[in-house]
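# Working through the structure, step by step
Spelled out, the chains give:
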Amino acid sequence: MTKSASTSHLLPVFARADLAFTSGEGVWLTAINGERYLDFTSGVAVNSLGHCHPHLVAALQEQATKLWHMSNLFKSPDGERLAARLCEESFSDYVFFANSGAEAMECAIKMARHYHFSKGQPERTRIITFEGAFHGRTLGTLAATGAAKYLEGYGKPLEGFDQMPFGDIEAVKKAVGPNTAAILIEPLQGEGGVRAPSHAFVRALRELCDESGILLIFDEVQTGMGRTGSLFAHQRFGVTPDIMSLAKALGGGFPIGACLATAEAAAGMAPGSHGSTFGGNPLAVAAANAVMDVMLKPGFFDHVNRMSLLFKQKLASAVDSFPSVISEVRGEGLLIGLKAVVPSGDLVAALRDAKLLTVGAGENVVRFLPPLIVNEAEIEEAIQRLETACVALSPSAAQQQGAAS
Ligand SMILES: *Cc1c(COP(=O)(O)O)cnc(C)c1O
């Protein structure tokens, strides 16, 4: 085949905006042309402490002069410390470090299957999942995601996932059978459109898992590490899982994922049963320990919750002012969705024109994922930019434009 004449050599799997950035500071990004943008994407819930947080920069710089990579064939004191801190703050006894959300989820899926295998029930391999879910893009996590648009053309999906309507406890009860290993759910669906399950539903899932001897897995890749106003989103339900995946915000922008588990759920994992070359490498662990330093300071989550309340109130007023453009505010903490009346892609584009960066999601929702360190003035600024975008998208504005042209 001949070489393409395309000017970009990046595999064209992303519909990229015609915009590139050279630097960032806090919630602000500077584009190549020098223009400043308010970043309410946080790299899709990754840069939760903003860009170039001084404590993270210092931690990574210091580590970069000492040791970049060590194989997991050797001990990892800083990895031990990070794992101990995650366990101290959660239900878990063990942590496996990976490099991404999908990898953390792969570990969760494998661990659930191996749990039953080690208990003499190797037939228990199936995992109950939910419509609207997103668990990643590897062949395994894609099968768990179950979305036809992502699976098409990649052959027969990995066997073993039973997708149920989100929130339908009767359907889930019927679906649990002798081959069921676990139930997997996001405590708040991000990609699916910022959809929250009821607390009663999640509690019922926990009870069902206990009665049936199966495991409950929470995918907190997007919701974990403070995004919803507590370190982990499930802490708001009063329900703990047996296994949990983390990634996005864990390294504050440095790639790292983690799979956390109780000692019981991890019972089937022994030397050789799973692995990773890069997982938990010293640079990633240094970044994540620095993230923990900041998030565990007293008052951190109070700030997130105050900013959440303020932002949601202001968004609700914007919905009242522009009912022909936006219709509903959803979400927890600073994982906020704004349901659009106009196509959500048009709203994301209009916001970008107003120099406010946001992310689309399912159900025609626009996601606002500001860094958790966002302040009142920055939220006020974002609301003004949202109003500018809504004015531009209002039918009256379109009419005026039509009359002028
Ligand atoms: C982003 C995401 C993933 C996948 O993470 P990657 O790092 O892109 O592999 C999995 N689950 C949820 C809930 C996510 O939001």
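Residues numbered from 1 in each chain as written. Predicted model: local features only at pLDDT ≥ 70, side-chain atom pairs only at ≥ 80, totals over all residues. Heavy atoms only, no water.

### Re the site of the ligand
Heads up, the condition is: Any residue with at least one heavy atom within 4 Å of a molecule or strand is counted as near it. Contacts described as polar in this section are N or O atom pairs within 3.5 Å, which, within protein, must combine one atom able to donate a hydrogen with one able to accept it, while residues neighboring in sequence count only if both atoms come from side chains. All amino acids are sorted into three groups, where Ala, Val, Leu, Ile, Met, Phe, Trp, Tyr, Cys and Pro are nonpolar, Asp, Glu, Lys and Arg are charged, and the leftover types, Gly among them, are polar.
Every residue close to the ligand is listed here: Ser-100, Gly-101, Ala-102, Phe-134, His-135, Gly-136, Glu-186, Asp-219, Val-221, Gln-222 and Lys-248. A distance of 2.8 Å is found between an oxygen atom of the ligand and a backbone nitrogen or oxygen belonging to Gly-101. A breakdown of the residues in the shell around the ligand according to their chemical character gives three nonpolar, five polar and three charged.

### With respect to empty space enclosed by the protein
Put simply, the rule is: The method works on a 1 Å grid over the protein atoms by themselves. A cavity is a set of points holding a 1.4 Å probe that cannot get out, a pocket is an open set with protein on both sides within 12 Å along at least five of seven lines, and residues with an atom within 4 Å of a point line them. Grid points are joined across faces, edges and corners, and a volume is the space filled by probe spheres set on the points.
Across all of its chains, the model carries one cavity of 30 Å³ or more by this definition. Among the residues making up the lining of the largest cavity, the classes are represented as six nonpolar, one polar and one charged.

### A few points about the sheet that holds strand β11 (residues 326-332)
Heads up, the rule is: By this definition, two strands are paired if DSSP reports at least two bridges between them. Per the convention used, a helix needs a DSSP run of H or I reaching at least four residues, while a strand needs a run of E reaching at least two, with both numbered from the N terminus. Axes here mean lines fitted to C-alpha atoms, for a helix over just the part in contact, with angles spanning 0 to 180 degrees between N-to-C directions. Note on definitions: a residue-residue contact is assigned when non-hydrogen atoms from the two residues lie within 4.5 Å.
Across the sheet, which stays open at both edges, the four strands sit in the order β11-β12-β15-β14 with antiparallel pairing between neighbours. Pairing within the sheet leaves two strands with one partner each, and these edge strands are β11 and β14 (359-361). In this sheet, adjacent strand axes meet at a mean angle of 30 degrees when their direction is disregarded. Along the sheet, helix α11 (residues 344-353) makes contact with β11, β12 (335-340), β14 and β15 (365-368), crossing β15 at roughly 40 degrees.

### Quick word on the domain arrangement of the protein
To keep things clear, this is the line we draw: Domain extents, as shown, originate in an automatic or database domain assignment. Defined in terms of a 1.4 Å probe, buried area is the accessible area two parts forfeit on being brought together, summed over both. One side-chain nitrogen of Lys or Arg within 4 Å of one carboxyl oxygen of Asp or Glu is enough to make a salt bridge.
The domain boundaries assigned to the protein delineate domain 1 (21-45 + 299-404) and domain 2 (54-295). In total, domain 1 and domain 2 occlude about 1800 Å² of area from one another, counting both sides; carbon and sulfur atoms represent 57% of this. Inspection of the region where domain 1 meets domain 2 yields three salt bridges. For Arg-236, the salt bridge is made with Glu-332, and the minimal N-O distance between the two is 2.7 Å.

### Quick look at the pattern of salt bridges
The condition that has to hold: Residue exposure (1.4 Å probe, protein chains only): buried if accessible area is under 20% of the type maximum, exposed if over 50%, otherwise partly exposed.
Scanning the entire structure with this criterion turns up 16 salt bridges. In this structure, Arg-81 engages Asp-293 in a salt bridge whose closest nitrogen and oxygen atoms are separated by 3.9 Å. With Arg-81 in helix α3 (residues 77-88) and Asp-293 in helix α9 (residues 282-295), this residue pair connects regions lying 212 residues apart in the sequence. For Arg-81, a relative accessible area of 42% gives the class partly exposed. With its nearest N and O atoms 2.9 Å apart, the salt bridge here joins Arg-367 to Glu-191. Taken together, the residues span a long stretch of sequence, with Arg-367 in strand β15 and Glu-191 in the loop between β7 (180-185) and α8 (199-212) at a distance of 176 residues. Assessed through its relative accessible area of 1%, Arg-367 is described here as buried. Through salt bridges with shared partners, one network takes in Arg-195, Glu-328, Arg-330 and Glu-363.

### Considering the sheet that holds strand β8 (residues 215-219)
Spatially, the seven strands line up as an open sheet ordered β4-β10-β9-β8-β7-β5-β6, and their pairing is mixed. Both edges of this open sheet fall to β4 (94-98) and β6 (161-164), since each of them pairs with a single strand only. Direction aside, the axes of adjacent strands within the sheet are offset by 20 degrees on average. Inspection of the sheet shows strand β5 (residues 126-130) paired to β6 by four bridges, in the parallel sense. Bridge assignment links Phe-130 to a residue of β6, and that residue is Met-164. Its contacts with the sheet place α3 against β4, β9 (243-246) and β10 (257-261), and it is angled at close to 125 degrees to β4.

### A closer look at the pairing of β9
Where burial is concerned, the two faces of β9 agree: the one with Ile-243 and Ser-245 and the one with Met-244 and Leu-246 are both buried. Of the strand pairs in this sheet, β8 and β9 are connected by three bridges, and their pairing is parallel. Bridging across to β9, Asp-219 finds its partner in Ser-245. Sheet topology note: the β9/β10 ladder contains four bridges and is antiparallel. Bridge pairing in β10 links Met-244 to Leu-260.

### Regarding the environment of Ser-212
Here Ser-212 shows up in helix α8. The exposure class assigned to Ser-212 is partly exposed, which follows from its relative accessible area of 22%. Counting along the chain gives 173 residues from Ser-212 to Arg-385, while the straight-line C-alpha distance between them is 50 Å. Those residues within four positions of Ser-212 in sequence are excluded, and the remaining contacts are Arg-124 and Val-176.

### Focus on helix α12 (residues 376-393)
Stated formally: Given the number of residues in a helix, its expected span is that number minus one, multiplied by 1.5 Å. Summarising the geometry, the arc corresponds to the directions from the helix axis toward the C-beta atoms.
Look at α12: 26 Å from first C-alpha to last across 18 residues, which is about the 26 Å you get at 1.5 Å a residue. Restricting attention to buried positions, one finds in α12 the residues Glu-378, Ile-379, Ala-382, Ile-383, Arg-385, Leu-386, Ala-389 and Cys-390. Seen end-on, α12 carries its buried residues on one side only, within an arc spanning 165 degrees. Set apart from the buried face of α12 by more than 90 degrees, the exposed residues are Ala-377 and Ala-392. The opening residue of α12, the one whose side-chain oxygen lies 3.1 Å from the backbone nitrogen of Ala-377, is Asn-375.

### Overview of the environment of Ser-71
Within the fold, Ser-71 resides in the loop between α2 (54-64) and α3. Residue class for Ser-71 comes out partly exposed when judged on its relative accessible area of 27%. Along the primary structure Ser-71 and Glu-207 are separated by 136 residues, whereas in three dimensions their C-alpha atoms are 40 Å apart. A polar side-chain atom of Ser-71 sits 2.9 Å from the main-chain amide nitrogen of Leu-73.

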